[in-house]
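Chain residues, written in single-letter form:
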Amino acid sequence: QVQLVESGGGVVQAGGSLRLSCAASGGTFSNYVTYWFRQAPGKEREFVARINKKSITTYYADSVKGRFTISRDNAKNTVYLQMDRLKPEDTAVYYCGAGWVVSSTPDGITYWGKGTVVTVSS
């Protein structure tokens, strides 16, 4: 089974930046489409961003478009989420995911990390 471990979460003031990392092991990283989802208190888990196997195509939720950037380094088995101009509404647990095909719903994700907490203060 593929294992995913997120890091980089923390507390930041509104307008600040964070970079999340997701380290993968137990599989061939370049075979997977990779994702970031998030889940705020009392809310369902929602799609944030995805990137294809060779970093050719990216896709973002409207709520983060222009502020967040997803990238990956297959040589390091790592996917990143650069988050800029953070808002209090971005406060959530952020989860890394991986799957065989393109998806924008949690049901399409085969492997999940355990999450990293991002708190944005106003």
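Residues numbered from 1 in each chain as written. Predicted model: local features only at pLDDT ≥ 70, side-chain atom pairs only at ≥ 80, totals over all residues. Heavy atoms only, no water.

Novice: How would you summarise the sheet that holds strand E7 (residues 68–73) if you had to cite specific residues and measurements?
Specialist: Pairing within the open sheet is antiparallel, and its four strands lie in the order E1-E3-E8-E7. Each edge of the sheet is formed by a strand with only one pairing partner; in this case those strands are strand E1 (3–7) and E7. Each neighbouring strand pair of the sheet contributes to a mean axis angle of 15°, computed without reference to strand direction. Pairing analysis gives six bridges linking E7 to strand E8 (residues 78–83), with the strands arranged antiparallel. Residue pairing across strands places Phe68 opposite Met83, the latter belonging to E8. (Pairing = 2+ DSSP bridges. Helix = DSSP H or I, 4+ residues; strand = E, 2+ residues; numbered from the N terminus. Axes fitted to C-alpha atoms, helices over the stretch in contact; angles between N-to-C directions.)

Novice: Would you mind going over the state of the cysteines in detail, with residue names and values included?
Specialist: Scanning the model with the defined rule gives one disulfide in all. One disulfide bridge connects Cys22 with Cys96, the sulfur atoms lying 2.2 Å from each other. Between Cys22 and Cys96 the disulfide shows an S-S torsion of about -85°. By sign, it is left-handed. Taken as a pair, Cys22 in strand E3 (residues 18–25) and Cys96 in strand E9 (residues 92–99) lie far apart in primary sequence, 74 residues in all. Each member of the pair, Cys22 together with Cys96, is buried. (Disulfide = S-S within 2.5 Å. Buried < 20%, exposed > 50% of the residue type's maximum accessible area, 1.4 Å probe, protein only.)

Novice: Summarise the packing of aromatic side chains; cite the residues concerned and give the values.
Specialist: Taken as a whole and judged by the stated rule, the model has seven aromatic pairs. Arranged with centres 5.8 Å apart and planes meeting at 85°, the rings of Tyr32 and Tyr111 form a pair that is edge-to-face. Pair noted here: Tyr32 is in the loop between E3 and strand E4 (33–39) and Tyr111 is in strand E10 (residues 111–112), with a separation of 79 residues, a long-range link. Comparing Tyr32 with Tyr111 shows no difference in burial state: the two are buried. Ring plane angle 75° and centroid distance 5.2 Å describe the contact between Phe37 and Trp112, whose orientation is recorded as edge-to-face. A residue pair is termed long-range when its members are at least 10 positions apart, and Phe37 in strand E4 and Trp112 in strand E10 qualify at 75 residues. Cluster of aromatic residues (ring-pair linked, three or more members): Tyr35, Phe37, Phe47, Tyr59, Tyr95 and Trp112. Above the face of the Tyr95 ring, Arg45 is positioned so that its terminal group lies 3.7 Å from the ring centre. (Phe/Tyr/Trp six-rings, centres within 6.5 Å; stacked < 30°, edge-to-face > 60°. Lys NZ or Arg CZ within 6 Å of the ring centre and 35° of its normal.)

Novice: Any details on the environment of Thr119? Residues and values, ideally.
Specialist: With respect to the element layout, Thr119 can be found in strand E11 (residues 116–121). Those residues in contact with Thr119, other than ones at most four positions away along the chain, are Gly10, Val11, Val12 and Thr91. (Contact = heavy atoms within 4.5 Å.)

Novice: Residue-level account of the pattern of salt bridges, with values.
Specialist: For the coordinates displayed, the defined rule picks out four salt bridges. For the salt bridge of Glu46 with Arg38, the shortest nitrogen-to-oxygen distance reads 2.8 Å. A salt bridge links Arg38 to Asp90; the nearest nitrogen and oxygen atoms lie 2.9 Å apart. Taken as a pair, Arg38 in strand E4 and Asp90 in the loop between E8 and E9 lie far apart in primary sequence, 52 residues in all. Exposure remark for Arg38: the relative accessible area of 6% places this residue in the buried category. By sharing partners, the salt bridges in this structure join Arg38, Glu46, Arg67 and Asp90 into a single network. (Salt bridge = Lys/Arg side-chain N within 4 Å of Asp/Glu carboxyl O.)

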